[in-house]
Amino acid sequence: MEEKKTIGVLTSGGDAPGMNAAIRAVVRAGLNSGFSVCGIRRGYQGLLERDIFEMDLRSVSHILERGGTMLYSSRCPDFAEDRNIKKAIEILKEFGIDVLVVIGGDGSFRGAKRVAELGFPCIGIPATIDNDIACTEYTIGFDTAINTVVQMVDRVRDTSQSHDRCSVIEVMGREAGYIALEAGIACGAISILVPENGPLNIERDVIAKMVSTLRTGKQNFIVIAAEGVGHAPYIAEKIEQLTGVTTNAVVLGYVQRGGTPTAKERVLATLMGEKAVELAKQNLFNCVVAIKCAKVCHYSFDEALNMKKTLDADLLRLSEEVSV
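Remember, predicted model here, so these are calculated numbers, not experimental data.

About the thresholds
Residues numbered from 1 in each chain as written. Predicted model: local features only at pLDDT ≥ 70, side-chain atom pairs only at ≥ 80, totals over all residues. Heavy atoms only, no water. Salt bridge = Lys/Arg side-chain N within 4 Å of Asp/Glu carboxyl O. Helix = DSSP H or I, 4+ residues; strand = E, 2+ residues; numbered from the N terminus. Buried < 20%, exposed > 50% of the residue type's maximum accessible area, 1.4 Å probe, protein only. Core = buried A, V, L, I, M, F, W, Y, C linked by side-chain atoms within 4.5 Å. Contact = heavy atoms within 4.5 Å. Pairing = 2+ DSSP bridges. Axes fitted to C-alpha atoms, helices over the stretch in contact; angles between N-to-C directions.

Novice: What am I meant to see in the pattern of salt bridges here?
Specialist: Counting across every chain of the model gives 17 salt bridges. Where Glu117 meets Lys113, a salt bridge forms, and the shortest distance between an N and an O atom there is 2.4 Å. Of this pair, Glu117 and Lys113 both sit in helix H4 (residues 106-117), 4 residues apart, which is roughly one turn of the helix. With relative accessibility at 46%, the residue Glu117 sits in the partly exposed group. Between Glu227 and Arg174 there is a salt bridge, with its nearest N and O atoms 4.0 Å apart. Linking Glu227 in the loop between strand S8 (221-226) and helix H8 (232-243) with Arg174 in the loop between strand S6 (166-171) and helix H6 (178-187), this pair joins segments that are 53 residues apart in sequence. Owing to a relative accessible area of 25%, Glu227 belongs among the partly exposed residues under this scheme.

Written as structure tokens, this is what we have:
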């Protein structure tokens, strides 16, 4: 008889709603396919510290609706060193783990790619609210983050409308403007500021639009700014100075990472987790699960990490057309 193999699963980097759904799918699909499954707490740091335990069907009960990750997460600078990666591989073998499933973002995948290059099978599942993994149209956490931003902005808008104010909402996205762009369209923002458009020019990107729109009778405004563009308090101060419109700043911060994952999030994360197990069954390793054209597929680590992702040009155009 063929020896039963073991999947190890961890979550790494920033937490994202839907990670638990992916963990649940890996565990249950894995067990159903004849694998044993081990959970690794606190990402690569927990792996180096041997924080590993066996999981069964009930280990993942009642986690589907929870945000965050039941395996916890961490950032592990030590994992950049080959000696620590080699140590991690020795620990994986010590616990009888045959393939490692890593749920995380770009940095997590670069660690997994190095593990794979040193001879240990790995599979990545993209999870980051920034949606900035180029090989996939969707990353776990993105849909919930957008919906959270929309809910928060709708509340802020009530005050902006009541007092004829402008509100500058700073959302996450140091290098990527996906949250800002889609949430901005959904919220009817007068201006959406994303790092992909280059350095901020307040007069061009915000003031000109506001002045033009004031002439049409509009008296309250929402500006959505990705954190990589500039800090909301500075932008708000400049807007008030240049337009005379009372302007406040709201930094949403880590509220965007938490909360109950949306239905879409749970379904897609489950599909991705099941796909990782299917790849392991087929002995297809050293790759990243992805969503393309609403279908689950996979790319090698080299392909996935060398791809470049750009903002949807049609969405950018649309945001300009309707912000009048």
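Novice: Whenever I open this one, the nonpolar core confuses me. Can you help?
Specialist: Side chains that are nonpolar tend, in soluble globular proteins, to be buried together. Judged by nonpolar contacts, the single largest core of 78 residues is most densely connected at Val101, Ile103, Ile123, Ile125 and Ile239. Residues in contact with Ile123, not counting those within four places in the same chain, are Val99, Leu100, Val101, Val102, Ala276, Leu279, Ala280, Leu284, Phe285, Cys287 and Val289. By size, the runner-up hydrophobic cluster in this structure holds 31 residues, among which are Ile40, Ile85, Phe120 and Ile133.

Novice: Just checking my understanding: could you explain the sheet that holds strand S3 (residues 52-55) for this structure?
Specialist: Strand pairing in a sheet takes place through backbone hydrogen bonds and is either antiparallel or parallel in direction. The 7 strands are arranged S3-S2-S1-S4-S5-S10-S11 in an open sheet whose pairing can be described as mixed. Across the chains shown, the open sheet's two edge strands, defined by having one partner strand only, are S3 and strand S11 (295-300). Averaged over neighbouring strand pairs, the angle between their axes works out to 30° when direction is ignored. The sheet strands contacting H4 are strand S4 (99-104), strand S5 (122-126) and strand S10 (287-292), and the helix crosses S5 at an angle near 170°. Along the sheet, helix H9 (residues 263-281) contacts strand S1 (6-11), S4, S5, S10 and S11; its crossing angle with S10, the most-contacted strand, is approximately 140°.

Novice: Explain the sheet that holds S8 here, please?
Specialist: If you walk across this open sheet you meet the 4 strands as S7-S8-S6-S9, and the pairing is parallel. A strand with exactly one partner marks an edge of an open sheet, and here the two such strands are strand S7 (191-193) and strand S9 (247-251). The average undirected angle you get between the axes of adjacent strands in this sheet is 15°. Across 6 bridges, S6 lies against S8 in parallel orientation. Its bridge partner lying in S8, Cys166 is registered against Phe221. Here helix H7 (residues 202-214) sits on the sheet and contacts S6, S7 and S8; the angle it forms with S7, its principal contact strand, is near 175°.

No statement about biological role is implied by the geometric values presented.
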